[in-house]
Amino acid sequence: MKKIPLIALAFGLISCHAMADALQDIKDRGTLRCATLTDSVPLGYQDPKTREIVGLDVDLCKSLAKHLGVTLEHQGIAVSARIPTLIAGRADVVAAALGYTKDRATQIDFTAAYYQTPIKILVKDSSGIKSFADLAGKRVSSVKSSTPELYARQQLPDSKVIGFEDAPAAFVALEQGKVQGLAMSEPAAIRFHARTSGMHFLDQNLHFEPNCLGVKKGETSLLAALDGALQDMEKSGELQSIWDKWYGDHTEYKMIRQKKLTQIADFE
């Protein structure tokens with residue numbers, strides 16, 4: 001067997017390390033490639049007046065780039081492409097309603113959760129349903145392969161949870177009486193709720209979904225830098241200001257930020 005010279009081996013190891021250092025690549029390039037949704041109000045969507053992509057996650061990406069001392073290179077992304085995009089290295093960071101789960105954590109790395117939103121059940125006023133117990137033997141809709149579907153199956157074992165291809169279809173099923181409840185994150189459900197009357201949320205929460213930034217597996221330096229930036233933003237009140245801008249009292253959501261920046265270890 002032909003021996004590899006030590007100097008060549010060392011050079012190879014240095015090269016591999018450099019290739020794997022996304023934080024250094026970002027600094028050398030001078031831009032942070034941060035991907036958000038572009039069709040999800042208020043996280044990332046096209047402003048009808050300016051035609052620009054705006055939203056909570058867009059503002060977060062702008063702030064992260066500033067904290068890292070680089071400019072933002074914004075990218076649009078679909079829900080289904082979030083994890084594949086990170087694995088392939090086509091974006092440095094994904095900020096796109098990316099809920100932490102243990103399964104996803106085997107594929108990518110997560111920062112601390114910068115916000116958490118409750119997953120709720122929406123029902124018709126006329127249904128007489130007042131609690132999770134009242135949903136036993138009944139049908140509940142949700143978006144297929146979503147975390148609300150996952151937690152509905154866990155928390156409502158006596159209900160039949162039906163997955164639909166998208167949120168509008170899941171909501172229409174409730175409107176038409178095909179299901180008796182709708183499992184969805186509260187911000188998304190509020191928008192549907194506002195379109196009709198005669199519905200209300202149950203007081204109980206299925207879960208508080210931790211939404212985090214996602215990075216490629218093994219990028220420890222970048223992960224630490226992002227977590228540090230989030231901690232600074234929490235201490236300064238910037239995270240709260242971004243939340244208030246998009247979810248606060250002057251918006252249709254009127255939501256209180258019940259959970260502050262939370263480390264991933266708290267969910268494991």
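Throughout what follows, the structure given in this document is the object of discussion.

Rules of the game
- For every chain, the first residue of the written sequence is number 1, and numbering continues from 1 onward in sequence order.
- Since the coordinates come from a predicted model, pLDDT governs what is reported: local features require at least 70, and pairs of side-chain atoms require 80 or more to be given and counted, while whole-chain, interface and lining totals use all residues.
- Note: side-chain values were computed over all heavy atoms of the structure, leaving out hydrogens and water.
- DSSP-based pairing: two strands are paired if at least 2 bridges between them are found.
- A run of H or I in DSSP becomes a helix once it reaches four residues, and a run of E becomes a strand once it reaches two; helices and strands are each numbered from the N terminus.
- Only protein chains enter the area calculation, which uses a 1.4 Å probe; residues under 20% of their type maximum are buried, those over 50% are exposed, and those in between are partly exposed.
- His is not counted, nor are the chain ends; Lys and Arg add positive charge and Asp and Glu add negative charge.
- Basic side-chain nitrogens of Lys or Arg form a salt bridge, by our definition, when they fall within 4 Å of a carboxyl oxygen of Asp or Glu.
- Any two residues whose heavy atoms approach within 4.5 Å are treated as being in contact.
- The arc in question is traced by the directions running from the helix axis to the C-beta atoms.
- Only a pair of cysteine sulfur atoms within 2.5 Å counts as a disulfide in this structure description.

## Some remarks on the sheet that holds strand β3 (residues 44-46)
Two orientations exist for strands paired in a sheet by backbone hydrogen bonds: parallel and antiparallel. Taken in spatial order, the three strands line up as β2-β3-β4 in an open sheet, and their pairing is antiparallel. The sheet is open, and its two borders are formed by β2 (39-40) and β4 (53-54), each paired with just one other strand. By the bridge criterion, two bridges tie β3 to β4 in an arrangement that is antiparallel. Within the sheet, the bridge partner assigned to Gln 46 lies in β4 and is Ile 53.

## Observations regarding the side chain of Glu 186
With respect to the secondary-structure elements, Glu 186 resides in helix α7 (residues 186-193). No salt bridge forms around the buried Glu 186; measuring N to O, its nearest opposite-charge neighbour Lys 120 is 5.4 Å away. Once residues within four sequence positions are removed from consideration, Glu 186 is found in contact with Pro 118, Lys 120, Phe 201 and Met 255.

## Topic: helix α9 (residues 238-247)
A turn of α-helix holds 3.6 residues, and therefore any two residues three or four places apart point the same way. Considered for burial, the residues of α9 that qualify are Leu 239, Ile 242, Trp 243, Trp 246 and Tyr 247. What you see down the axis of α9 is that its buried residues fit within an arc of 100 degrees, all on one side. If you follow the buried residues of α9, they end up packed against β3, β4, α3 (56-68), β7 (108-124), α7 and α8 (220-236).

## Points about the state of the cysteines
Taken as a whole and judged by the stated rule, the model has one disulfide. Each sulfur in the disulfide pair Cys 34 and Cys 61 lies 2.1 Å from the other. Taking the sign of the torsion about the S-S bond as the criterion, the disulfide between Cys 34 and Cys 61, at about -60 degrees, is left-handed. Of this pair, Cys 34 sits in strand β1 (residues 31-36) while Cys 61 is found in helix α3, placing the two residues 27 residues apart along the sequence. Here Cys 34 and Cys 61 have matching classes, each one buried. Of the cysteine sulfurs around Cys 212, a residue in no disulfide, the closest is that of Cys 34, at 14 Å.

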